[in-house]
Amino acid sequence: MKAIILKGFGGVENLVITDLPVPVISDYEVLVKARAIGINPVDIKTRKGKGLAGTLKDFDPIILGWDISGTIIQTGAKVTAFKKGDEVFGMVNFPGHGKAYAEYVAVPEAHLALKPSQISHEEATAASLAALTAWQVLKYKSGIRAGDKVLIHSAAGGVGHYAVQMAKYLGARVAGTSSGLNKDFVLNLGASIHIDYEKQRFEDILHDYDFVLDTIGGDYTDRSFNVLKHGGTIICIPSGTSENITEKASARGLHGYHFRVLSDGHDMKDIADLLEKGLLKSFVSNTFKFDNIQAAHGQIETGKTKGKIVLTIG
Ligand SMILES: NC(=O)c1ccc[n+]([C@@H]2O[C@H](COP(=O)([O-])OP(=O)(O)OC[C@H]3O[C@@H](n4cnc5c(N)ncnc54)[C@H](OP(=O)(O)O)[C@@H]3O)[C@@H](O)[C@H]2O)c1
(Lines give C-alpha, C1' and ligand atoms only; values in the text may rest on other atoms or scores of the structure.)
Protein backbone atom coordinates (compact mmCIF):
# COMPACT_ATOMS: atom_id res chain seq x y z
CA MET A 1 0.00 0.00 0.00
CA LYS A 2 0.98 3.64 -0.42
CA ALA A 3 1.99 5.35 2.82
CA ILE A 4 3.74 8.57 3.79
CA ILE A 5 6.54 7.92 6.23
CA LEU A 6 8.49 10.48 8.24
CA LYS A 7 12.23 10.03 7.61
CA GLY A 8 13.44 11.84 10.73
CA PHE A 9 12.01 14.91 12.45
CA GLY A 10 12.44 18.06 10.38
CA GLY A 11 11.18 19.75 7.21
CA VAL A 12 8.48 18.71 4.74
CA GLU A 13 11.11 16.99 2.58
CA ASN A 14 11.22 14.30 5.29
CA LEU A 15 7.65 13.25 4.37
CA VAL A 16 8.26 10.49 1.84
CA ILE A 17 5.76 8.36 -0.10
CA THR A 18 6.67 4.70 0.03
CA ASP A 19 5.25 1.17 -0.32
CA LEU A 20 4.50 -0.72 2.89
CA PRO A 21 2.64 -3.94 3.73
CA VAL A 22 -1.07 -3.52 4.51
CA PRO A 23 -1.46 -3.45 8.36
CA VAL A 24 -2.51 -6.62 10.16
CA ILE A 25 -5.49 -5.95 12.43
CA SER A 26 -6.06 -7.21 15.98
CA ASP A 27 -9.33 -8.72 17.26
CA TYR A 28 -10.81 -5.33 18.21
CA GLU A 29 -9.66 -3.42 15.13
CA VAL A 30 -11.06 -2.86 11.66
CA LEU A 31 -9.09 -2.25 8.47
CA VAL A 32 -10.21 0.94 6.79
CA LYS A 33 -9.50 1.79 3.16
CA ALA A 34 -8.92 5.52 3.46
CA ARG A 35 -10.81 7.93 1.19
CA ALA A 36 -9.86 11.19 2.96
CA ILE A 37 -7.31 12.03 5.65
CA GLY A 38 -7.42 15.10 7.91
CA ILE A 39 -4.42 17.34 8.53
CA ASN A 40 -3.96 19.14 11.87
CA PRO A 41 -1.35 21.43 13.44
CA VAL A 42 -0.17 18.53 15.66
CA ASP A 43 0.97 16.73 12.49
CA ILE A 44 3.24 19.65 11.67
CA LYS A 45 4.50 20.06 15.26
CA THR A 46 5.28 16.33 15.45
CA ARG A 47 7.03 16.35 12.07
CA LYS A 48 9.29 19.07 13.43
CA GLY A 49 10.15 17.11 16.59
CA LYS A 50 7.58 18.58 19.00
CA GLY A 51 3.92 17.61 19.50
CA LEU A 52 3.84 13.81 19.86
CA ALA A 53 7.44 13.29 18.68
CA GLY A 54 8.44 11.97 22.11
CA THR A 55 5.80 9.24 21.85
CA LEU A 56 6.62 8.30 18.25
CA LYS A 57 10.41 8.58 18.17
CA ASP A 58 11.09 4.86 18.74
CA PHE A 59 8.72 3.62 16.01
CA ASP A 60 10.09 2.63 12.63
CA PRO A 61 8.58 3.66 10.33
CA ILE A 62 6.74 6.68 11.76
CA ILE A 63 3.49 7.40 9.93
CA LEU A 64 1.88 10.70 10.90
CA GLY A 65 -1.84 11.50 10.79
CA TRP A 66 -4.79 10.72 13.05
CA ASP A 67 -7.93 11.64 11.09
CA ILE A 68 -9.54 9.25 8.70
CA SER A 69 -12.71 8.62 6.73
CA GLY A 70 -13.16 5.56 4.55
CA THR A 71 -14.64 2.10 4.06
CA ILE A 72 -14.17 -0.94 6.28
CA ILE A 73 -12.72 -3.82 4.25
CA GLN A 74 -12.01 -6.25 7.10
CA THR A 75 -13.13 -6.65 10.73
CA GLY A 76 -11.28 -8.21 13.69
CA ALA A 77 -12.71 -11.38 15.27
CA LYS A 78 -14.25 -9.52 18.25
CA VAL A 79 -15.56 -6.45 16.44
CA THR A 80 -19.30 -6.01 17.06
CA ALA A 81 -20.16 -2.42 16.15
CA PHE A 82 -19.23 -2.44 12.45
CA LYS A 83 -19.24 -4.70 9.42
CA LYS A 84 -17.37 -4.92 6.15
CA GLY A 85 -18.54 -2.20 3.76
CA ASP A 86 -19.48 0.34 6.47
CA GLU A 87 -18.33 3.89 5.84
CA VAL A 88 -16.73 5.25 9.00
CA PHE A 89 -14.74 8.20 10.30
CA GLY A 90 -12.81 9.10 13.43
CA MET A 91 -9.57 10.03 15.16
CA VAL A 92 -7.25 7.03 15.39
CA ASN A 93 -5.18 6.23 18.51
CA PHE A 94 -4.65 9.79 19.71
CA PRO A 95 -2.35 10.58 21.52
CA GLY A 96 -0.53 7.50 20.21
CA HIS A 97 0.63 6.36 16.76
CA GLY A 98 -2.31 7.05 14.41
CA LYS A 99 -0.63 6.00 11.12
CA ALA A 100 -3.39 7.68 9.14
CA TYR A 101 -1.24 8.90 6.21
CA ALA A 102 -1.76 5.59 4.43
CA GLU A 103 -4.01 3.81 1.95
CA TYR A 104 -5.11 1.32 4.63
CA VAL A 105 -5.34 2.06 8.36
CA ALA A 106 -5.88 -0.34 11.29
CA VAL A 107 -8.34 1.35 13.67
CA PRO A 108 -9.77 0.23 17.05
CA GLU A 109 -13.53 -0.02 16.56
CA ALA A 110 -13.88 2.04 19.76
CA HIS A 111 -12.48 5.10 17.93
CA LEU A 112 -14.96 5.21 15.05
CA ALA A 113 -18.49 6.25 14.16
CA LEU A 114 -20.57 5.59 11.06
CA LYS A 115 -20.21 8.39 8.52
CA PRO A 116 -23.55 10.12 7.88
CA SER A 117 -24.49 9.18 4.32
CA GLN A 118 -25.20 12.74 3.16
CA ILE A 119 -21.75 14.11 3.98
CA SER A 120 -18.57 13.49 1.98
CA HIS A 121 -15.49 11.66 3.23
CA GLU A 122 -13.69 15.02 3.11
CA GLU A 123 -16.28 16.62 5.42
CA ALA A 124 -16.21 13.58 7.70
CA THR A 125 -12.47 13.32 8.20
CA ALA A 126 -12.34 17.09 8.78
CA ALA A 127 -14.76 16.58 11.68
CA SER A 128 -12.47 14.19 13.57
CA LEU A 129 -9.61 15.58 15.73
CA ALA A 130 -10.68 19.25 15.48
CA ALA A 131 -14.39 18.62 16.06
CA LEU A 132 -13.68 16.08 18.80
CA THR A 133 -11.48 18.62 20.60
CA ALA A 134 -14.19 21.28 20.46
CA TRP A 135 -16.85 18.78 21.59
CA GLN A 136 -14.88 17.25 24.47
CA VAL A 137 -13.93 20.73 25.75
CA LEU A 138 -17.44 22.16 25.52
CA LYS A 139 -19.34 19.08 26.68
CA TYR A 140 -17.13 17.87 29.53
CA LYS A 141 -14.88 20.75 30.60
CA SER A 142 -16.56 24.09 29.96
CA GLY A 143 -19.55 23.79 32.31
CA ILE A 144 -21.48 26.08 29.94
CA ARG A 145 -25.25 26.31 30.07
CA ALA A 146 -27.83 27.91 27.80
CA GLY A 147 -27.49 31.68 27.90
CA ASP A 148 -23.82 31.68 28.96
CA LYS A 149 -21.35 33.98 27.25
CA VAL A 150 -18.55 32.10 25.47
CA LEU A 151 -15.45 33.39 23.67
CA ILE A 152 -13.83 31.19 21.02
CA HIS A 153 -10.37 32.22 19.81
CA SER A 154 -9.33 31.43 16.21
CA ALA A 155 -12.99 31.04 15.45
CA ALA A 156 -12.24 30.64 11.73
CA GLY A 157 -9.76 27.78 12.24
CA GLY A 158 -10.12 24.02 12.47
CA VAL A 159 -11.11 23.71 16.13
CA GLY A 160 -12.67 27.17 16.32
CA HIS A 161 -15.15 26.82 13.47
CA TYR A 162 -16.59 23.68 15.08
CA ALA A 163 -16.49 25.21 18.58
CA VAL A 164 -18.55 28.24 17.50
CA GLN A 165 -21.25 26.01 16.00
CA MET A 166 -21.27 23.65 19.00
CA ALA A 167 -21.38 26.43 21.61
CA LYS A 168 -24.28 27.98 19.70
CA TYR A 169 -26.00 24.56 19.58
CA LEU A 170 -25.57 24.31 23.39
CA GLY A 171 -27.40 27.62 23.72
CA ALA A 172 -24.46 29.92 24.43
CA ARG A 173 -24.04 33.49 23.20
CA VAL A 174 -20.82 33.30 21.22
CA ALA A 175 -18.04 35.78 20.47
CA GLY A 176 -15.20 34.79 18.13
CA THR A 177 -11.80 36.20 17.17
CA SER A 178 -10.32 36.10 13.67
CA SER A 179 -8.85 38.49 11.12
CA GLY A 180 -11.28 40.86 9.39
CA LEU A 181 -11.08 38.68 6.29
CA ASN A 182 -13.03 35.94 8.09
CA LYS A 183 -15.58 38.16 9.88
CA ASP A 184 -18.61 37.07 7.83
CA PHE A 185 -17.52 33.43 8.02
CA VAL A 186 -17.40 33.56 11.84
CA LEU A 187 -20.74 35.37 12.14
CA ASN A 188 -22.37 32.89 9.74
CA LEU A 189 -21.16 30.00 11.93
CA GLY A 190 -23.34 31.39 14.72
CA ALA A 191 -21.23 33.94 16.59
CA SER A 192 -23.13 37.09 17.53
CA ILE A 193 -19.96 39.14 18.16
CA HIS A 194 -16.83 39.18 16.00
CA ILE A 195 -13.52 40.62 17.15
CA ASP A 196 -10.94 41.46 14.48
CA TYR A 197 -7.67 40.74 16.31
CA GLU A 198 -5.73 42.91 13.88
CA LYS A 199 -7.74 46.02 14.81
CA GLN A 200 -9.33 45.38 18.20
CA ARG A 201 -8.26 44.11 21.62
CA PHE A 202 -10.85 41.58 22.70
CA GLU A 203 -10.33 42.30 26.41
CA ASP A 204 -11.34 45.94 25.87
CA ILE A 205 -14.68 44.88 24.39
CA LEU A 206 -15.78 41.63 26.09
CA HIS A 207 -16.57 41.41 29.82
CA ASP A 208 -18.18 38.98 32.28
CA TYR A 209 -17.75 35.93 30.07
CA ASP A 210 -18.46 32.46 31.46
CA PHE A 211 -16.01 30.54 29.30
CA VAL A 212 -13.05 31.03 26.94
CA LEU A 213 -11.62 28.43 24.56
CA ASP A 214 -8.00 29.51 24.11
CA THR A 215 -6.55 28.04 20.91
CA ILE A 216 -3.50 30.31 20.92
CA GLY A 217 -1.90 30.46 24.39
CA GLY A 218 0.88 32.79 25.53
CA ASP A 219 -0.31 36.34 26.12
CA TYR A 220 -3.76 35.36 24.76
CA THR A 221 -4.24 33.29 27.91
CA ASP A 222 -3.31 36.17 30.24
CA ARG A 223 -5.39 38.66 28.26
CA SER A 224 -8.34 36.27 28.24
CA PHE A 225 -8.42 36.21 32.07
CA ASN A 226 -9.69 39.81 31.85
CA VAL A 227 -12.71 38.74 29.81
CA LEU A 228 -13.97 36.23 32.36
CA LYS A 229 -16.38 36.86 35.21
CA HIS A 230 -15.51 35.64 38.73
CA GLY A 231 -15.68 31.82 38.73
CA GLY A 232 -15.41 31.64 34.92
CA THR A 233 -13.37 28.99 33.10
CA ILE A 234 -10.63 29.08 30.47
CA ILE A 235 -9.35 26.01 28.66
CA CYS A 236 -6.10 26.32 26.72
CA ILE A 237 -5.37 23.67 24.07
CA PRO A 238 -1.93 24.37 22.51
CA SER A 239 0.56 22.50 24.69
CA GLY A 240 3.41 24.32 26.41
CA THR A 241 2.06 27.79 25.63
CA SER A 242 0.76 28.90 29.00
CA GLU A 243 2.65 27.59 32.00
CA ASN A 244 0.90 27.54 35.38
CA ILE A 245 -2.49 28.34 33.86
CA THR A 246 -4.30 26.67 36.77
CA GLU A 247 -2.41 28.60 39.46
CA LYS A 248 -2.65 31.90 37.58
CA ALA A 249 -6.39 31.48 36.99
CA SER A 250 -6.99 30.42 40.58
CA ALA A 251 -5.22 33.54 41.90
CA ARG A 252 -7.85 35.57 40.02
CA GLY A 253 -10.84 33.53 41.21
CA LEU A 254 -11.04 31.68 37.86
CA HIS A 255 -10.70 28.11 36.66
CA GLY A 256 -7.98 27.42 34.10
CA TYR A 257 -6.82 24.15 32.55
CA HIS A 258 -4.95 22.60 29.70
CA PHE A 259 -6.82 19.98 27.75
CA ARG A 260 -5.78 17.27 25.30
CA VAL A 261 -8.25 15.43 23.08
CA LEU A 262 -8.62 11.63 23.33
CA SER A 263 -9.87 9.13 20.74
CA ASP A 264 -13.46 8.20 21.58
CA GLY A 265 -16.08 6.57 19.40
CA HIS A 266 -18.99 7.63 21.62
CA ASP A 267 -18.06 11.27 21.18
CA MET A 268 -17.58 10.66 17.44
CA LYS A 269 -21.15 9.32 17.41
CA ASP A 270 -22.35 12.61 18.98
CA ILE A 271 -20.53 14.47 16.21
CA ALA A 272 -21.99 12.16 13.55
CA ASP A 273 -25.49 12.89 14.91
CA LEU A 274 -24.92 16.65 14.78
CA LEU A 275 -23.56 16.36 11.21
CA GLU A 276 -26.47 14.16 10.17
CA LYS A 277 -29.05 16.61 11.52
CA GLY A 278 -27.30 19.54 9.83
CA LEU A 279 -26.58 21.13 13.24
CA LEU A 280 -22.86 20.99 12.53
CA LYS A 281 -21.07 21.54 9.23
CA SER A 282 -17.46 21.04 8.18
CA PHE A 283 -15.96 23.83 6.16
CA VAL A 284 -13.24 22.27 4.00
CA SER A 285 -11.37 25.17 2.43
CA ASN A 286 -8.96 23.05 0.37
CA THR A 287 -8.25 19.46 -0.58
CA PHE A 288 -4.84 18.10 -1.54
CA LYS A 289 -3.98 14.87 -3.34
CA PHE A 290 -2.20 12.28 -1.17
CA ASP A 291 1.04 12.85 -3.13
CA ASN A 292 0.86 16.56 -2.33
CA ILE A 293 1.31 16.15 1.44
CA GLN A 294 4.16 18.66 1.56
CA ALA A 295 1.91 21.44 0.25
CA ALA A 296 -0.79 20.48 2.77
CA HIS A 297 1.69 20.82 5.64
CA GLY A 298 2.79 24.15 4.19
CA GLN A 299 -0.80 25.41 4.23
CA ILE A 300 -1.30 24.59 7.94
CA GLU A 301 2.05 26.24 8.71
CA THR A 302 0.73 29.58 7.40
CA GLY A 303 -1.45 29.74 10.55
CA LYS A 304 -4.19 31.15 8.29
CA THR A 305 -6.13 28.03 7.33
CA LYS A 306 -9.88 28.67 7.11
CA GLY A 307 -11.84 25.72 8.51
CA LYS A 308 -10.08 22.50 7.56
CA ILE A 309 -7.90 21.06 4.80
CA VAL A 310 -7.82 17.36 3.91
CA LEU A 311 -5.88 14.86 1.79
CA THR A 312 -7.80 12.73 -0.69
CA ILE A 313 -6.79 9.20 -1.70
CA GLY A 314 -8.17 6.31 -3.73
N1 LIG B 1 -4.80 19.97 23.06
C2 LIG B 1 -5.46 19.41 22.06
O3 LIG B 1 -6.03 18.34 22.20
C4 LIG B 1 -5.55 20.14 20.75
C5 LIG B 1 -6.45 19.69 19.78
C6 LIG B 1 -6.56 20.39 18.60
C7 LIG B 1 -5.76 21.51 18.36
N8 LIG B 1 -4.86 21.89 19.31
C9 LIG B 1 -4.02 23.07 19.08
O10 LIG B 1 -4.89 24.21 19.01
C11 LIG B 1 -4.37 25.15 18.10
C12 LIG B 1 -5.44 25.49 17.06
O13 LIG B 1 -5.69 24.36 16.24
P14 LIG B 1 -6.51 24.51 14.90
O15 LIG B 1 -6.58 23.17 14.26
O16 LIG B 1 -7.78 25.23 15.13
O17 LIG B 1 -5.51 25.46 14.06
P18 LIG B 1 -5.70 26.12 12.63
O19 LIG B 1 -6.90 25.59 11.95
O20 LIG B 1 -4.41 26.01 11.91
O21 LIG B 1 -5.94 27.68 12.98
C22 LIG B 1 -5.92 28.59 11.93
C23 LIG B 1 -6.79 29.77 12.28
O24 LIG B 1 -6.19 30.54 13.32
C25 LIG B 1 -6.64 31.88 13.16
N26 LIG B 1 -5.74 32.79 13.85
C27 LIG B 1 -4.40 32.93 13.66
N28 LIG B 1 -3.91 33.87 14.52
C29 LIG B 1 -4.96 34.30 15.26
C30 LIG B 1 -5.10 35.26 16.29
N31 LIG B 1 -4.05 35.94 16.76
N32 LIG B 1 -6.34 35.46 16.84
C33 LIG B 1 -7.41 34.77 16.39
N34 LIG B 1 -7.35 33.85 15.39
C35 LIG B 1 -6.12 33.63 14.84
C36 LIG B 1 -6.66 32.09 11.67
O37 LIG B 1 -7.65 33.05 11.37
P38 LIG B 1 -7.29 34.28 10.39
O39 LIG B 1 -6.83 33.63 9.10
O40 LIG B 1 -8.55 35.03 10.27
O41 LIG B 1 -6.13 35.00 11.03
C42 LIG B 1 -7.01 30.69 11.11
O43 LIG B 1 -8.33 30.58 10.67
C44 LIG B 1 -3.10 24.54 17.54
O45 LIG B 1 -1.99 24.99 18.30
C46 LIG B 1 -3.28 23.06 17.77
O47 LIG B 1 -2.09 22.32 17.83
C48 LIG B 1 -4.73 21.24 20.49
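We now turn to the structure provided with this report. Residue positions are counted from 1 within each chain, in the order its sequence is given. In keeping with the model being predicted, local features are shown solely for residues with a pLDDT of at least 70 and side-chain atom pairs are shown and tallied solely at 80 or more, while totals for entire chains, interfaces and linings include all residues. In computing side-chain properties, one takes all heavy atoms of the structure into account and sets aside hydrogens as well as water.

To continue, consider the site of the ligand. Throughout, near means a residue has at least one heavy atom within 4 Å of the molecule or strand. As a structural note, the neighbourhood of the ligand is formed by 25 residues, with Lys45, Ser179, Tyr197, Phe259 and Val261 the closest of them. As used in this structure description, the phrase polar contact means that two N or O atoms lie within 3.5 Å; if the pair is within protein, one of them must be able to donate a hydrogen and the other to accept it, and residues adjacent in sequence are counted only when both atoms belong to side chains. Within the backbone of Gly158, an N or O atom sits 2.7 Å from an oxygen atom of the ligand. With respect to the ligand, the backbone of Phe259 contributes an N or O atom lying 2.7 Å from a nitrogen atom. For the accessible areas, the method is Shrake-Rupley and the probe is 1.4 Å, while residue cover comes only from the protein chains on display. Its free accessible area being 930 Å², the ligand has 87% of it covered by the protein chains.

Now for the environment of His258. Mapped onto the fold, His258 is located in strand β13 (residues 255-258). Note: C-alpha distance between His258 and Asp273 (15 residues apart in sequence) is 27 Å. Those residues in contact with His258, other than ones at most four positions away along the chain, are Cys236, Pro238, Ser242 and Ile245. Per the convention used, a helix needs a DSSP run of H or I reaching at least four residues, while a strand needs a run of E reaching at least two, with both numbered from the N terminus. Any two residues having at least one pair of non-hydrogen atoms within 4.5 Å are treated as being in contact.

Turning next to the side chain of Asp214. Tracing the backbone through its elements, the reader meets Asp214 in strand β11 (residues 209-214). Accessible area is worked out with a 1.4 Å probe on protein chains only. A residue is then buried under 20% of its type maximum, exposed over 50%, and partly exposed in between. Charge assignment in this entry is limited to Lys and Arg as positive and Asp and Glu as negative, and neither His nor the chain termini are counted. Should a side-chain nitrogen of Lys or Arg be within 4 Å of a carboxyl oxygen of Asp or Glu, the pair is scored as a salt bridge. Nearest to the buried, unbridged Asp214 among oppositely charged side chains is Lys248, at 9.5 Å. A distance of 2.9 Å separates a polar side-chain atom of Asp214 from the backbone nitrogen of Ile216. Leave out the neighbours within four places in its chain, and Asp214 touches His153, Tyr220, Thr221, Ile234, Ile235, Cys236, Ile237 and Pro238.

To get an axis, fit a line to the C-alpha atoms, keeping to the stretch in contact for a helix; angles then go from 0 to 180 degrees between the N-to-C directions. Across the interface, helix α4 (residues 129-141) lies against helix α10 (residues 265-276) with an axial gap of 10 Å and an inter-helix angle of 100°. The pairing of α4 with α10 is recorded here as roughly perpendicular in orientation. In contact with Ala131, Leu132, Trp135, Gln136, Lys139 and Tyr140 of α4, α10 contributes Asp267, Met268, Asp270, Ile271 and Leu274. Its residues assigned to classes, the contact of α4 with α10 shows seven nonpolar, one polar and three charged. In these notes the angle categories are as follows: under 35 degrees is roughly parallel, over 145 is roughly antiparallel, 65 to 115 is roughly perpendicular, and the rest is oblique. When residue character is reported, Ala, Val, Leu, Ile, Met, Phe, Trp, Tyr, Cys and Pro are called nonpolar, Asp, Glu, Lys and Arg charged, and the others, Gly included, polar.

What follows covers the environment of Glu109. Following the sequence through the fold, Glu109 ends up in the loop between β6 (104-108) and β7 (112-114). A relative accessible area of 13% means that Glu109 is categorised as buried. C-alpha separation for the pair Glu109 and Thr80, spaced 29 residues apart in sequence, amounts to 8.3 Å. Residue contacts for Glu109: discarding those within four places in its chain leaves Tyr28, Glu29, Lys78, Val79, Thr80, Ala81 and Phe82.

So, on to the pairing of β6. In terms of burial, β6 is a largely internal element, five of the five residues being buried. Covered by surrounding structure in β6 are Tyr104, Ala106 and Pro108 together with Val105 and Val107, the residues of both alternating faces. Two strands pair if DSSP finds at least two bridges between them. Relative to β6, strand β3 (residues 29-38) is paired through five bridges, and the arrangement is antiparallel. Counted as the bridge partner of Glu29 is Pro108 from β6.

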